[in-house]
Amino acid sequence: MAQSTAAPIPTTQTLTPLPLRAIAPWAVFVGVLMLVLLYFVGAEQGVTSLVSGEGVHEWVHDARHLLGFPCH
């Protein structure tokens, strides 16, 4: 006696869009984080220095050159 296998039934999946209310807090958080990162890469150790010393400058030195910020 031969066994037959049933073909799988194709199912369709629908994606539900995320509401703007769910995305907005994360978008604001990421935006503020990027602005802080841009500040430390581009302006820290200059006139508006928040951290004294050369520590931050040394950590972001290569990123400054990569993004075109002068640092010397």
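Residues numbered from 1 in each chain as written. Predicted model: local features only at pLDDT ≥ 70, side-chain atom pairs only at ≥ 80, totals over all residues. Heavy atoms only, no water.

**What about the overall build of the chain?**
Helices and strands together make up the secondary structure of the chain, namely 3 helices and 0 strands. Going residue by residue from the N terminus, the α and β elements of the chain occur as α-α-α. A buried classification covers 11% of the 72 residues belonging to the chain. Nonlocal contacts in the chain, meaning residues at least 24 apart in sequence, comprise 16% of its contacts between residues at least 6 apart. For the chain, the accessible surface area stands at approximately 6,700 Å², while carbon and sulfur atoms represent 70% of it. (Helix = DSSP H or I, 4+ residues; strand = E, 2+ residues; numbered from the N terminus. Buried < 20%, exposed > 50% of the residue type's maximum accessible area, 1.4 Å probe, protein only. Contact = heavy atoms within 4.5 Å. Areas by Shrake-Rupley, 256 points an atom, 1.4 Å probe, with all protein chains shown as cover.)

**So, the confidence of the model for the chain**
Mean pLDDT over the chain: 79, with 74% of residues reaching 70 or higher. Within the chain, helix α2 (residues 55-59) has the poorest average pLDDT of any element, 71, and helix α1 (residues 20-42) the best, 90. (pLDDT = per-residue confidence, 0-100.)

**Here's the deal with the packing of aromatic side chains**
Taken as a whole, this structure holds 1 aromatic pair when the rule is applied. Residues Trp 26 and Phe 29 carry aromatic rings whose centres are separated by 6.3 Å and whose planes lie at 90 degrees to one another, so their mutual orientation is edge-to-face. Within this pair, Trp 26 and its partner Phe 29 are both found in helix α1, separated by 3 residues, close to a single helical turn. Given a relative accessible area of 59%, Trp 26 falls into the exposed group. Relative accessible area serves as the criterion here: at 48%, Phe 29 is assigned to the partly exposed category. (Phe/Tyr/Trp six-rings, centres within 6.5 Å; stacked < 30°, edge-to-face > 60°.)

**Focus: a nonpolar patch on the surface**
Among the surface-exposed residues, Trp 26, Phe 29, Val 30, Leu 33, Met 34 and Leu 37 lie close enough to one another that they form a single nonpolar patch of about 640 Å² accessible area. Assignment of secondary structure puts Leu 33 in helix α1. Look at Leu 33 and you get partly exposed, because its relative accessible area is 44%. (Patch = residues over 30% accessible without salt bridge, like charges linked within 9 Å, V, L, I, M, F, W, Y side chains within 5 Å. Salt bridge = Lys/Arg side-chain N within 4 Å of Asp/Glu carboxyl O.)

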